[in-house]
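# Per-entry structural report
Residues per chain are reported as follows:
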Amino acid sequence: MRKDFTRLAKIALIYGSGTVVAQAAAVLLLPLYSRALTPADYGVLAVVALVTGILTPFLSMGLGNGLIRYYYEYESAQERQQLVRSCLVAVVMPSLAVTALAWIVLEPVVRLAFTSADYTSYLRIGLATAFFTSLAAIPRYTLRVQQRATWFVAFTVGQLLLSIGLGIYLVVIRHDGVTGALMAGLIGSVAAALAINILTLLENGLGPVKAAMVWRCFKFGIYLVPDALAASTIALADRWFIERYSTRASLGLYNVGYRFGQAVQILAVGPLEQAIGPYALSGLRRPDFRTLYARIFTYSLLGAAFLALGISLQAGNLLRLLTVPAYYGAAAVTPLISLAFVLELVNWIVGSGLGFAEKPKLFFVVTVTGAVVNLGANWLLVPRYGMMGAASATVIAFGFMCVANYLMSQALYPIKYEYGRLGRIVAIALGLFAVGRLVAVDNLVANFLLQSLLALALFPALLATGFFTVEERNAVAKAWTVVKARRPWALGRV
(Lines give C-alpha, C1' and ligand atoms only; values in the text may rest on other atoms or scores of the structure.)
Protein backbone atom coordinates (compact mmCIF):
# COMPACT_ATOMS: atom_id res chain seq x y z
CA MET A 1 0.00 0.00 0.00
CA ARG A 2 2.93 2.32 0.71
CA LYS A 3 3.99 2.17 -2.95
CA ASP A 4 0.48 3.20 -3.98
CA PHE A 5 0.54 6.24 -1.71
CA THR A 6 4.06 7.15 -2.82
CA ARG A 7 3.05 7.04 -6.47
CA LEU A 8 -0.16 8.99 -5.83
CA ALA A 9 1.70 11.54 -3.72
CA LYS A 10 4.24 12.11 -6.49
CA ILE A 11 1.47 12.73 -9.03
CA ALA A 12 -0.37 15.07 -6.67
CA LEU A 13 2.86 16.93 -5.88
CA ILE A 14 3.56 17.47 -9.57
CA TYR A 15 0.07 18.86 -10.08
CA GLY A 16 0.50 20.85 -6.89
CA SER A 17 3.80 22.33 -8.04
CA GLY A 18 2.05 23.95 -10.98
CA THR A 19 -0.71 25.34 -8.84
CA VAL A 20 1.82 26.56 -6.28
CA VAL A 21 3.38 28.62 -9.05
CA ALA A 22 -0.06 29.87 -10.04
CA GLN A 23 -1.02 30.86 -6.52
CA ALA A 24 2.37 32.40 -5.80
CA ALA A 25 2.07 34.45 -8.97
CA ALA A 26 -1.41 35.65 -7.98
CA VAL A 27 -0.08 36.69 -4.57
CA LEU A 28 2.93 38.44 -6.06
CA LEU A 29 0.71 40.30 -8.52
CA LEU A 30 -1.53 41.55 -5.73
CA PRO A 31 0.81 44.37 -4.60
CA LEU A 32 0.95 45.58 -8.21
CA TYR A 33 -2.70 45.09 -9.12
CA SER A 34 -4.04 46.49 -5.83
CA ARG A 35 -2.29 49.76 -6.66
CA ALA A 36 -3.35 49.79 -10.31
CA LEU A 37 -6.91 48.51 -9.82
CA THR A 38 -9.54 49.66 -7.34
CA PRO A 39 -11.82 47.34 -5.36
CA ALA A 40 -14.54 48.30 -7.85
CA ASP A 41 -12.29 47.09 -10.70
CA TYR A 42 -11.92 43.77 -8.91
CA GLY A 43 -15.71 43.76 -8.78
CA VAL A 44 -15.85 43.93 -12.58
CA LEU A 45 -13.40 41.01 -12.83
CA ALA A 46 -15.65 39.07 -10.45
CA VAL A 47 -18.67 39.64 -12.71
CA VAL A 48 -16.72 38.37 -15.74
CA ALA A 49 -15.67 35.28 -13.76
CA LEU A 50 -19.32 34.75 -12.78
CA VAL A 51 -20.68 34.79 -16.34
CA THR A 52 -17.90 32.77 -17.95
CA GLY A 53 -17.98 30.28 -15.08
CA ILE A 54 -21.70 29.67 -15.61
CA LEU A 55 -21.15 29.29 -19.36
CA THR A 56 -18.07 27.02 -19.30
CA PRO A 57 -19.81 23.68 -18.49
CA PHE A 58 -21.84 23.94 -21.70
CA LEU A 59 -18.84 24.37 -23.98
CA SER A 60 -17.43 20.82 -23.96
CA MET A 61 -20.69 19.03 -23.08
CA GLY A 62 -19.01 16.66 -20.63
CA LEU A 63 -16.87 14.90 -23.24
CA GLY A 64 -13.75 15.22 -21.12
CA ASN A 65 -15.36 13.41 -18.19
CA GLY A 66 -16.48 10.65 -20.52
CA LEU A 67 -12.94 10.38 -21.90
CA ILE A 68 -11.55 9.85 -18.41
CA ARG A 69 -14.25 7.33 -17.53
CA TYR A 70 -13.78 5.05 -20.55
CA TYR A 71 -10.14 5.56 -21.56
CA TYR A 72 -8.86 2.48 -19.72
CA GLU A 73 -11.69 0.29 -21.00
CA TYR A 74 -10.05 0.42 -24.43
CA GLU A 75 -7.05 -1.88 -24.23
CA SER A 76 -5.12 -1.12 -27.41
CA ALA A 77 -3.11 2.05 -28.01
CA GLN A 78 -4.83 2.51 -31.38
CA GLU A 79 -8.29 2.52 -29.81
CA ARG A 80 -7.22 5.00 -27.13
CA GLN A 81 -5.73 7.31 -29.78
CA GLN A 82 -8.94 7.09 -31.77
CA LEU A 83 -10.95 7.96 -28.65
CA VAL A 84 -8.84 11.07 -28.05
CA ARG A 85 -9.06 12.15 -31.70
CA SER A 86 -12.81 11.65 -31.77
CA CYS A 87 -13.41 13.75 -28.67
CA LEU A 88 -10.97 16.38 -29.88
CA VAL A 89 -12.94 16.89 -33.08
CA ALA A 90 -16.34 16.60 -31.45
CA VAL A 91 -15.74 19.32 -28.86
CA VAL A 92 -15.30 22.10 -31.43
CA MET A 93 -18.91 22.42 -32.60
CA PRO A 94 -20.69 22.75 -29.24
CA SER A 95 -18.02 25.16 -28.02
CA LEU A 96 -18.42 27.35 -31.09
CA ALA A 97 -22.23 27.21 -31.05
CA VAL A 98 -22.58 28.06 -27.35
CA THR A 99 -20.08 30.91 -27.58
CA ALA A 100 -21.79 32.38 -30.66
CA LEU A 101 -25.21 32.22 -29.00
CA ALA A 102 -23.89 33.84 -25.83
CA TRP A 103 -22.26 36.59 -27.88
CA ILE A 104 -25.57 37.40 -29.59
CA VAL A 105 -27.73 37.56 -26.46
CA LEU A 106 -25.09 39.05 -24.18
CA GLU A 107 -26.12 42.71 -24.18
CA PRO A 108 -29.82 42.25 -23.34
CA VAL A 109 -28.97 39.64 -20.72
CA VAL A 110 -26.49 41.99 -19.05
CA ARG A 111 -29.07 44.80 -18.95
CA LEU A 112 -31.58 42.44 -17.37
CA ALA A 113 -29.33 40.65 -14.87
CA PHE A 114 -26.94 43.33 -13.59
CA THR A 115 -27.08 46.87 -12.30
CA SER A 116 -25.00 48.29 -15.16
CA ALA A 117 -24.59 47.66 -18.90
CA ASP A 118 -20.91 48.63 -18.63
CA TYR A 119 -19.99 44.98 -18.19
CA THR A 120 -20.79 44.04 -21.80
CA SER A 121 -17.45 44.89 -23.44
CA TYR A 122 -15.54 43.15 -20.65
CA LEU A 123 -17.73 40.08 -20.90
CA ARG A 124 -17.05 39.73 -24.63
CA ILE A 125 -13.36 39.31 -23.84
CA GLY A 126 -14.32 36.76 -21.19
CA LEU A 127 -16.43 34.80 -23.69
CA ALA A 128 -13.54 34.60 -26.15
CA THR A 129 -11.23 33.41 -23.37
CA ALA A 130 -13.72 30.70 -22.35
CA PHE A 131 -13.99 29.49 -25.96
CA PHE A 132 -10.25 28.99 -26.41
CA THR A 133 -10.01 27.42 -22.97
CA SER A 134 -12.65 24.86 -24.01
CA LEU A 135 -10.59 23.96 -27.09
CA ALA A 136 -7.76 22.95 -24.76
CA ALA A 137 -10.05 20.86 -22.53
CA ILE A 138 -9.76 17.46 -24.27
CA PRO A 139 -5.94 17.59 -24.49
CA ARG A 140 -5.81 18.48 -20.79
CA TYR A 141 -8.17 15.64 -19.87
CA THR A 142 -6.00 13.32 -21.96
CA LEU A 143 -2.86 14.25 -20.05
CA ARG A 144 -4.73 13.73 -16.78
CA VAL A 145 -6.08 10.29 -17.63
CA GLN A 146 -2.64 9.23 -18.88
CA GLN A 147 -1.27 10.46 -15.52
CA ARG A 148 1.27 12.66 -17.33
CA ALA A 149 1.23 15.29 -14.65
CA THR A 150 4.53 16.88 -15.69
CA TRP A 151 3.25 17.79 -19.15
CA PHE A 152 -0.04 19.00 -17.70
CA VAL A 153 1.77 21.30 -15.31
CA ALA A 154 4.19 22.49 -17.99
CA PHE A 155 1.34 23.76 -20.16
CA THR A 156 -0.45 25.28 -17.18
CA VAL A 157 2.62 27.12 -15.94
CA GLY A 158 3.57 28.24 -19.45
CA GLN A 159 0.13 29.76 -20.00
CA LEU A 160 0.27 31.35 -16.57
CA LEU A 161 3.68 32.95 -17.07
CA LEU A 162 2.61 34.38 -20.42
CA SER A 163 -0.58 35.82 -18.91
CA ILE A 164 1.32 37.26 -15.96
CA GLY A 165 3.88 38.96 -18.15
CA LEU A 166 1.17 40.44 -20.34
CA GLY A 167 -0.84 41.45 -17.28
CA ILE A 168 2.06 43.38 -15.79
CA TYR A 169 2.67 45.13 -19.08
CA LEU A 170 -0.96 45.95 -19.84
CA VAL A 171 -2.22 46.74 -16.33
CA VAL A 172 0.79 48.14 -14.48
CA ILE A 173 2.86 49.73 -17.27
CA ARG A 174 0.24 50.72 -19.87
CA HIS A 175 -2.51 51.33 -17.29
CA ASP A 176 -5.14 49.54 -19.37
CA GLY A 177 -7.05 48.60 -16.23
CA VAL A 178 -9.64 45.83 -16.32
CA THR A 179 -9.39 45.52 -20.11
CA GLY A 180 -5.67 44.87 -19.85
CA ALA A 181 -6.15 42.18 -17.21
CA LEU A 182 -8.76 40.41 -19.34
CA MET A 183 -6.74 40.69 -22.58
CA ALA A 184 -3.75 39.12 -20.85
CA GLY A 185 -5.90 36.11 -19.97
CA LEU A 186 -7.30 35.87 -23.49
CA ILE A 187 -3.90 35.88 -25.20
CA GLY A 188 -2.62 33.27 -22.76
CA SER A 189 -5.61 31.02 -23.49
CA VAL A 190 -5.14 31.30 -27.26
CA ALA A 191 -1.44 30.43 -27.05
CA ALA A 192 -2.08 27.48 -24.71
CA ALA A 193 -4.89 26.08 -26.88
CA LEU A 194 -2.69 26.14 -29.98
CA ALA A 195 0.30 24.53 -28.28
CA ILE A 196 -1.53 21.74 -26.45
CA ASN A 197 -3.69 20.80 -29.46
CA ILE A 198 -0.63 20.55 -31.69
CA LEU A 199 1.01 18.19 -29.18
CA THR A 200 -2.13 16.07 -28.94
CA LEU A 201 -2.45 15.76 -32.73
CA LEU A 202 1.21 14.85 -33.10
CA GLU A 203 0.84 12.08 -30.53
CA ASN A 204 -2.51 10.70 -31.69
CA GLY A 205 -2.23 11.27 -35.42
CA LEU A 206 -4.77 12.43 -37.99
CA GLY A 207 -6.54 9.10 -38.44
CA PRO A 208 -10.27 8.35 -38.50
CA VAL A 209 -12.68 9.33 -35.74
CA LYS A 210 -15.53 7.20 -34.42
CA ALA A 211 -18.96 8.59 -33.63
CA ALA A 212 -19.79 5.65 -31.34
CA MET A 213 -16.91 6.57 -29.05
CA VAL A 214 -18.05 10.18 -28.91
CA TRP A 215 -21.61 9.12 -28.18
CA ARG A 216 -20.49 6.85 -25.36
CA CYS A 217 -18.48 9.65 -23.74
CA PHE A 218 -21.32 12.09 -24.33
CA LYS A 219 -23.92 9.84 -22.66
CA PHE A 220 -21.77 9.60 -19.54
CA GLY A 221 -20.56 13.19 -19.47
CA ILE A 222 -23.78 14.98 -20.36
CA TYR A 223 -25.21 14.20 -16.93
CA LEU A 224 -22.24 16.00 -15.42
CA VAL A 225 -22.89 19.19 -17.42
CA PRO A 226 -25.84 20.25 -15.25
CA ASP A 227 -23.76 19.05 -12.31
CA ALA A 228 -20.89 21.33 -13.35
CA LEU A 229 -23.37 24.15 -13.95
CA ALA A 230 -24.78 23.67 -10.48
CA ALA A 231 -21.27 23.57 -9.04
CA SER A 232 -20.48 26.83 -10.85
CA THR A 233 -23.67 28.30 -9.42
CA ILE A 234 -22.55 27.35 -5.92
CA ALA A 235 -19.11 28.83 -6.51
CA LEU A 236 -20.17 32.00 -8.33
CA ALA A 237 -23.79 32.95 -7.59
CA ASP A 238 -22.69 34.81 -4.47
CA ARG A 239 -21.10 37.44 -6.75
CA TRP A 240 -24.44 38.16 -8.37
CA PHE A 241 -26.16 38.65 -5.04
CA ILE A 242 -23.40 40.96 -3.77
CA GLU A 243 -23.43 42.96 -7.01
CA ARG A 244 -27.21 43.21 -6.78
CA TYR A 245 -27.66 43.94 -3.09
CA SER A 246 -24.38 45.65 -2.16
CA THR A 247 -21.71 47.74 -3.90
CA ARG A 248 -19.19 46.98 -6.62
CA ALA A 249 -16.41 47.79 -4.15
CA SER A 250 -17.80 45.25 -1.69
CA LEU A 251 -17.85 42.70 -4.49
CA GLY A 252 -14.21 43.50 -5.22
CA LEU A 253 -13.24 42.97 -1.58
CA TYR A 254 -15.11 39.69 -1.52
CA ASN A 255 -13.31 38.59 -4.67
CA VAL A 256 -9.90 39.32 -3.15
CA GLY A 257 -10.72 37.56 0.13
CA TYR A 258 -12.19 34.68 -1.84
CA ARG A 259 -8.95 34.33 -3.82
CA PHE A 260 -7.00 33.79 -0.61
CA GLY A 261 -9.44 31.13 0.55
CA GLN A 262 -9.41 29.63 -2.93
CA ALA A 263 -5.77 28.77 -2.38
CA VAL A 264 -7.10 25.65 -0.62
CA GLN A 265 -8.81 24.65 -3.85
CA ILE A 266 -5.87 25.59 -6.05
CA LEU A 267 -3.10 24.08 -3.93
CA ALA A 268 -4.85 21.05 -2.41
CA VAL A 269 -8.32 20.22 -3.71
CA GLY A 270 -7.55 20.64 -7.42
CA PRO A 271 -4.28 18.65 -7.46
CA LEU A 272 -5.79 15.88 -5.31
CA GLU A 273 -8.85 15.55 -7.55
CA GLN A 274 -6.66 15.55 -10.67
CA ALA A 275 -4.44 12.83 -9.21
CA ILE A 276 -7.00 10.69 -7.37
CA GLY A 277 -9.65 10.47 -10.11
CA PRO A 278 -7.68 8.72 -12.88
CA TYR A 279 -5.65 6.78 -10.29
CA ALA A 280 -8.77 5.41 -8.61
CA LEU A 281 -10.40 4.42 -11.90
CA SER A 282 -7.25 2.61 -13.01
CA GLY A 283 -7.26 0.54 -9.78
CA LEU A 284 -11.00 0.07 -9.32
CA ARG A 285 -10.79 -3.72 -9.73
CA ARG A 286 -8.19 -4.20 -7.02
CA PRO A 287 -9.46 -6.29 -4.05
CA ASP A 288 -8.04 -3.80 -1.53
CA PHE A 289 -9.32 -0.72 -3.37
CA ARG A 290 -11.87 0.36 -0.75
CA THR A 291 -9.34 0.21 2.07
CA LEU A 292 -6.87 2.14 -0.04
CA TYR A 293 -9.48 4.77 -0.92
CA ALA A 294 -10.43 5.25 2.73
CA ARG A 295 -6.79 5.94 3.60
CA ILE A 296 -6.53 8.35 0.66
CA PHE A 297 -9.48 10.27 2.15
CA THR A 298 -7.73 10.56 5.52
CA TYR A 299 -4.47 11.86 4.05
CA SER A 300 -6.29 14.21 1.68
CA LEU A 301 -8.33 15.77 4.47
CA LEU A 302 -5.21 16.18 6.60
CA GLY A 303 -3.41 18.07 3.82
CA ALA A 304 -6.40 20.26 2.99
CA ALA A 305 -7.15 21.02 6.66
CA PHE A 306 -3.54 22.05 7.31
CA LEU A 307 -3.55 24.37 4.31
CA ALA A 308 -6.95 25.85 5.20
CA LEU A 309 -5.81 26.44 8.79
CA GLY A 310 -2.63 28.20 7.70
CA ILE A 311 -4.38 30.41 5.15
CA SER A 312 -7.20 31.31 7.54
CA LEU A 313 -4.75 32.31 10.26
CA GLN A 314 -2.49 34.30 7.92
CA ALA A 315 -4.99 36.01 5.60
CA GLY A 316 -5.03 39.27 7.53
CA ASN A 317 -1.24 39.37 7.78
CA LEU A 318 -0.82 38.74 4.06
CA LEU A 319 -3.27 41.46 3.09
CA ARG A 320 -1.50 43.94 5.37
CA LEU A 321 1.81 42.96 3.82
CA LEU A 322 0.77 42.90 0.16
CA THR A 323 -1.99 45.45 -0.32
CA VAL A 324 -3.16 48.90 0.67
CA PRO A 325 -5.62 49.61 3.53
CA ALA A 326 -8.61 49.67 1.17
CA TYR A 327 -8.27 45.87 0.82
CA TYR A 328 -7.67 44.85 4.46
CA GLY A 329 -11.35 44.06 5.07
CA ALA A 330 -11.20 41.23 2.53
CA ALA A 331 -9.58 38.95 5.14
CA ALA A 332 -12.90 38.52 6.96
CA VAL A 333 -14.32 36.06 4.40
CA THR A 334 -11.18 33.96 3.90
CA PRO A 335 -11.70 31.45 6.76
CA LEU A 336 -15.23 30.63 5.61
CA ILE A 337 -14.14 30.24 1.99
CA SER A 338 -11.24 28.01 3.08
CA LEU A 339 -13.69 25.83 5.00
CA ALA A 340 -16.00 25.69 1.99
CA PHE A 341 -13.22 24.32 -0.21
CA VAL A 342 -12.29 21.69 2.37
CA LEU A 343 -15.94 20.63 2.27
CA GLU A 344 -15.75 20.58 -1.54
CA LEU A 345 -12.91 18.05 -1.31
CA VAL A 346 -14.87 15.93 1.18
CA ASN A 347 -17.92 16.08 -1.08
CA TRP A 348 -15.91 14.99 -4.11
CA ILE A 349 -14.26 12.08 -2.30
CA VAL A 350 -17.33 10.67 -0.56
CA GLY A 351 -19.45 11.27 -3.67
CA SER A 352 -17.07 9.40 -5.97
CA GLY A 353 -18.79 6.17 -4.96
CA LEU A 354 -21.63 7.22 -7.25
CA GLY A 355 -19.16 7.33 -10.13
CA PHE A 356 -17.64 3.98 -9.13
CA ALA A 357 -21.16 2.54 -9.19
CA GLU A 358 -21.79 4.24 -12.57
CA LYS A 359 -24.61 6.38 -11.16
CA PRO A 360 -23.57 9.91 -12.21
CA LYS A 361 -27.22 10.99 -12.38
CA LEU A 362 -27.43 10.88 -8.59
CA PHE A 363 -24.37 13.09 -8.20
CA PHE A 364 -26.07 15.52 -10.54
CA VAL A 365 -29.26 15.48 -8.42
CA VAL A 366 -27.30 16.27 -5.26
CA THR A 367 -25.32 19.09 -6.86
CA VAL A 368 -28.41 20.69 -8.38
CA THR A 369 -30.15 20.50 -5.02
CA GLY A 370 -27.04 22.01 -3.44
CA ALA A 371 -27.20 24.87 -5.92
CA VAL A 372 -30.80 25.53 -4.93
CA VAL A 373 -29.77 25.52 -1.27
CA ASN A 374 -26.96 27.93 -2.12
CA LEU A 375 -29.26 30.32 -3.96
CA GLY A 376 -31.75 30.28 -1.11
CA ALA A 377 -29.04 30.88 1.50
CA ASN A 378 -27.61 33.77 -0.54
CA TRP A 379 -31.07 35.28 -0.93
CA LEU A 380 -31.61 35.14 2.81
CA LEU A 381 -28.15 36.14 4.02
CA VAL A 382 -26.55 38.55 1.53
CA PRO A 383 -29.05 41.45 1.83
CA ARG A 384 -28.56 41.40 5.62
CA TYR A 385 -24.92 40.34 6.08
CA GLY A 386 -23.27 41.26 2.78
CA MET A 387 -20.15 39.36 1.80
CA MET A 388 -20.09 37.40 5.08
CA GLY A 389 -23.55 36.11 4.23
CA ALA A 390 -22.30 35.06 0.79
CA ALA A 391 -19.38 33.14 2.26
CA SER A 392 -21.68 31.45 4.79
CA ALA A 393 -24.05 30.41 2.00
CA THR A 394 -21.19 28.65 0.21
CA VAL A 395 -20.32 26.70 3.37
CA ILE A 396 -23.96 25.71 3.88
CA ALA A 397 -24.29 24.43 0.29
CA PHE A 398 -21.13 22.30 0.36
CA GLY A 399 -22.03 20.96 3.80
CA PHE A 400 -25.42 19.86 2.51
CA MET A 401 -23.86 18.11 -0.50
CA CYS A 402 -21.30 16.30 1.68
CA VAL A 403 -24.07 14.71 3.73
CA ALA A 404 -26.31 13.85 0.76
CA ASN A 405 -23.52 12.37 -1.40
CA TYR A 406 -22.12 10.41 1.52
CA LEU A 407 -25.46 8.78 2.31
CA MET A 408 -26.19 7.79 -1.31
CA SER A 409 -22.63 6.64 -2.04
CA GLN A 410 -22.58 4.45 1.05
CA ALA A 411 -25.84 2.85 -0.03
CA LEU A 412 -24.53 2.01 -3.53
CA TYR A 413 -20.77 1.59 -3.00
CA PRO A 414 -20.04 1.32 0.75
CA ILE A 415 -16.57 2.28 1.96
CA LYS A 416 -15.53 2.10 5.60
CA TYR A 417 -13.74 5.38 6.19
CA GLU A 418 -11.43 6.09 9.13
CA TYR A 419 -14.00 8.12 11.04
CA GLY A 420 -12.04 8.47 14.27
CA ARG A 421 -8.99 9.90 12.54
CA LEU A 422 -11.10 12.18 10.35
CA GLY A 423 -12.85 13.55 13.42
CA ARG A 424 -9.56 14.31 15.15
CA ILE A 425 -8.32 16.29 12.15
CA VAL A 426 -11.46 18.44 12.14
CA ALA A 427 -11.59 19.00 15.89
CA ILE A 428 -7.93 19.94 16.32
CA ALA A 429 -7.85 22.21 13.25
CA LEU A 430 -10.93 24.12 14.42
CA GLY A 431 -9.51 24.39 17.93
CA LEU A 432 -6.21 25.81 16.69
CA PHE A 433 -8.04 28.35 14.53
CA ALA A 434 -10.07 29.51 17.53
CA VAL A 435 -6.89 29.88 19.58
CA GLY A 436 -5.30 31.89 16.76
CA ARG A 437 -8.17 34.34 16.79
CA LEU A 438 -7.95 34.75 20.58
CA VAL A 439 -4.19 35.36 20.80
CA ALA A 440 -3.71 37.55 17.68
CA VAL A 441 -1.54 40.65 18.24
CA ASP A 442 -1.24 43.94 16.33
CA ASN A 443 2.45 43.67 15.47
CA LEU A 444 2.65 42.19 11.94
CA VAL A 445 5.89 40.21 12.36
CA ALA A 446 4.97 38.85 15.80
CA ASN A 447 1.49 37.86 14.65
CA PHE A 448 2.86 36.18 11.53
CA LEU A 449 5.22 34.02 13.61
CA LEU A 450 2.55 33.26 16.19
CA GLN A 451 -0.04 32.17 13.64
CA SER A 452 2.56 30.09 11.77
CA LEU A 453 3.40 28.19 14.96
CA LEU A 454 -0.27 27.51 15.59
CA ALA A 455 -0.76 26.13 12.06
CA LEU A 456 2.29 23.87 12.40
CA ALA A 457 1.02 22.69 15.78
CA LEU A 458 -1.60 20.61 13.96
CA PHE A 459 0.83 17.74 13.43
CA PRO A 460 2.27 17.42 16.96
CA ALA A 461 -1.26 17.80 18.33
CA LEU A 462 -2.43 14.89 16.17
CA LEU A 463 0.63 12.88 17.18
CA ALA A 464 -0.20 13.46 20.86
CA THR A 465 -3.69 12.03 20.33
CA GLY A 466 -2.39 8.82 18.74
CA PHE A 467 -3.55 9.80 15.26
CA PHE A 468 -0.59 8.30 13.39
CA THR A 469 -0.27 4.52 13.12
CA VAL A 470 2.94 2.63 13.92
CA GLU A 471 3.46 2.02 10.21
CA GLU A 472 3.12 5.75 9.46
CA ARG A 473 5.51 6.75 12.24
CA ASN A 474 8.06 4.20 11.04
CA ALA A 475 7.73 5.45 7.46
CA VAL A 476 8.36 9.05 8.58
CA ALA A 477 11.35 7.96 10.70
CA LYS A 478 12.80 6.06 7.74
CA ALA A 479 12.32 9.03 5.42
CA TRP A 480 13.97 11.31 7.98
CA THR A 481 16.95 8.97 8.18
CA VAL A 482 17.33 9.10 4.40
CA VAL A 483 17.16 12.92 4.47
CA LYS A 484 19.86 13.11 7.14
CA ALA A 485 22.09 10.75 5.16
CA ARG A 486 21.70 12.62 1.88
CA ARG A 487 21.67 16.21 3.17
CA PRO A 488 23.88 16.41 6.27
CA TRP A 489 24.65 20.10 5.65
CA ALA A 490 20.99 20.93 6.25
CA LEU A 491 21.22 19.56 9.76
CA GLY A 492 24.43 21.16 10.95
CA ARG A 493 26.56 18.04 10.59
CA VAL A 494 29.25 19.53 8.40
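Residues numbered from 1 in each chain as written. Predicted model: local features only at pLDDT ≥ 70, side-chain atom pairs only at ≥ 80, totals over all residues. Heavy atoms only, no water.

## Examining the overall build of the protein
- Looking only at helices and strands, the protein features 20 helices and zero strands.
- When the 494 residues of the protein are sorted by exposure, 51% land in the buried category.
- When contacts within the protein are restricted to residue pairs at least 6 apart in sequence, those whose partners lie at least 24 apart make up 83%.
- When the accessible area of the protein is evaluated, it comes to approximately 22100 Å², of which 69% is carbon and sulfur surface. (Helix = DSSP H or I, 4+ residues; strand = E, 2+ residues; numbered from the N terminus. Buried < 20%, exposed > 50% of the residue type's maximum accessible area, 1.4 Å probe, protein only. Contact = heavy atoms within 4.5 Å. Areas by Shrake-Rupley, 256 points an atom, 1.4 Å probe, with all protein chains shown as cover.)

## As for the nonpolar core
- Grouped together as the largest cluster of nonpolar side chains are 104 residues, with contacts concentrated most on Tyr42, Tyr254, Tyr293, Phe297, Tyr417, Leu458 and Leu462.
- The leading source of residues in this core is helix α14 (residues 289-322), at 17 residues.
- Each residue touching tyrosine 254, except ones within four places of it in the same chain, is listed here: Asp238, Arg239, Ile242, Val333, Ile337, Met387, Ala390, Ala391 and Thr394.
- Within the second largest apolar cluster, 18 residues are counted, among which are Ile68, Leu88, Cys217 and Leu224. (Core = buried A, V, L, I, M, F, W, Y, C linked by side-chain atoms within 4.5 Å.)

## Observations regarding the packing of helix α2 (residues 39-60) against helix α5 (residues 92-113)
- Orientation of α2 relative to α5, taken along the N-to-C sense of each, is 145 degrees, at an axis distance of 7 Å. Judged by the twist between their axes, the crossing of α2 over α5 is right-handed. From α2, Leu55, Phe58, Leu59 and Ser60 reach across to α5, where they touch Pro94, Ser95, Val98, Thr99 and Ala102. (Axes fitted to C-alpha atoms, helices over the stretch in contact; angles between N-to-C directions. Left-handed = near helix turned anticlockwise from the far one by under 90°.)

## Comments concerning the packing of aromatic side chains
- If you walk through the whole model with that rule in mind, you get 16 aromatic pairs.
- Summarising the aromatic geometry, the rings of tyrosine 71 and tyrosine 72 are spaced 5.4 Å apart at their centres and angled 85 degrees between planes, so their arrangement reads as edge-to-face.
- Look at tyrosine 72 and you get partly exposed, because its relative accessible area is 31%.
- Their ring planes at 90 degrees and their centres at 6.4 Å tell us that tyrosine 406 and tyrosine 419 sit as a pair that is edge-to-face. One end of the pair, tyrosine 406, is in helix α16 (residues 360-412); the other, tyrosine 419, is in helix α17 (residues 419-439), with 13 residues separating them in the sequence.
- What links up through ring pairs into an aromatic cluster is the set Phe297, Tyr406, Tyr417 and Tyr419.
- It is arginine 140 that lies over the ring of phenylalanine 152; its NZ or CZ is 5.8 Å from the centre.
- Looking at arginine 239, its charged tip hangs above the ring of tyrosine 258, at a distance of 3.9 Å from the centre. (Phe/Tyr/Trp six-rings, centres within 6.5 Å; stacked < 30°, edge-to-face > 60°. Lys NZ or Arg CZ within 6 Å of the ring centre and 35° of its normal.)

## Quick word on unusual backbone geometry
- The residue histidine 175 is not glycine, and still its phi comes out positive at about 60 degrees.
- Within the element layout of this structure, histidine 175 appears in the loop between α8 (149-173) and α9 (177-204).
- Residue classification places histidine 175 among the exposed residues on the basis of a relative accessible area of 62%.

## Digging into the packing of helix α7 (residues 137-145) against α8
- Contact geometry of α7 with α8 gives a least axis separation of 9 Å together with a crossing angle of 140 degrees. When α7 is examined against α8, the residues Arg140, Leu143 and Arg144 are found in contact with a partner set consisting of Trp151, Phe152, Phe155, Thr156 and Gln159.

## Topic: α7
- Of all nine residues that make up α7, eight are buried, and the element is covered over most of its length.
- Buried within α7 are the following residues: Ala137, Ile138, Pro139, Arg140, Thr142, Leu143, Arg144 and Val145.
- One or two positions beyond α7, positive phi appears at glutamine 147, with a value near 55 degrees.

## Re the pattern of salt bridges
- Counted under the stated rule, the structure contains seven salt bridges.
- A salt bridge links arginine 239 to aspartate 238, with the shortest nitrogen-to-oxygen separation between them at 3.2 Å. The exposure classification of arginine 239 matches that of aspartate 238, with both residues buried.
- Across the pair glutamate 418 and arginine 421 runs a salt bridge whose closest N-O atoms are separated by 3.2 Å. Like arginine 421, glutamate 418 is buried.
- The network of salt bridges with shared partners includes Arg69, Glu73 and Arg216. (Salt bridge = Lys/Arg side-chain N within 4 Å of Asp/Glu carboxyl O.)

## Considering the side chain of serine 300
- Turning to its location among the elements, serine 300 is positioned in helix α14.
- On the accessibility criterion, serine 300 (4% relative accessible area) is buried.

## Examining a nonpolar patch on the surface
- Nonpolar side chains collect at one region of the surface, where Leu101, Ile104, Val105 and Val109 lie side by side and expose about 370 Å² of accessible area between them.
- The residue valine 109 is located in helix α5 in this model.
- The class for valine 109 is partly exposed, based on a relative accessible area of 43%. (Patch = residues over 30% accessible without salt bridge, like charges linked within 9 Å, V, L, I, M, F, W, Y side chains within 5 Å.)

## Structural notes on the side chain of glutamine 314
- Counting through the fold element by element, glutamine 314 comes out in helix α14.
- At a separation of 3.0 Å, a polar atom in the side chain of glutamine 314 contacts the main-chain carbonyl oxygen of phenylalanine 448. (Polar contact = N/O pair within 3.5 Å; in protein donor to acceptor, adjacent residues only side chain to side chain.)

## Points about the environment of leucine 127
- Its location among the elements puts leucine 127 in helix α6 (residues 119-135).
- Taking relative accessible area as the criterion, leucine 127 reaches 1% and is therefore assigned buried.
- Along the chain, leucine 127 and valine 51 lie 76 residues apart, while their C-alpha atoms are 8.5 Å from each other.
- The residues contacting leucine 127, other than those within four sequence positions of it, are Thr52, Leu55, Thr99, Ala102, Trp103 and Leu106.

## Here we look at the state of the cysteines
- In total, this model carries zero disulfides according to the counting rule given.
- Unpaired in this structure, cysteine 217 has its nearest cysteine sulfur neighbour in cysteine 87, at a distance of 4.0 Å. (Disulfide = S-S within 2.5 Å.)

## Re the confidence of the model for the protein
- On average, residues of the protein score 83 in pLDDT, and 90% of them reach the 70 mark or higher.
- Least confident of the elements in the protein is helix α1 (residues 2-36), whose mean pLDDT is 61; most confident is α17, at 95. (pLDDT = per-residue confidence, 0-100.)

## Describing helix α10 (residues 211-221)
- Along α10, the residues that are buried comprise Met213, Val214, Cys217, Phe220 and Gly221. One side of α10 carries all its buried residues, which in axial view fall inside an arc of 130 degrees. What points out from α10, more than 90 degrees from its buried face, is the exposed set Ala211 and Trp215. (Arc of directions from axis to C-beta.)

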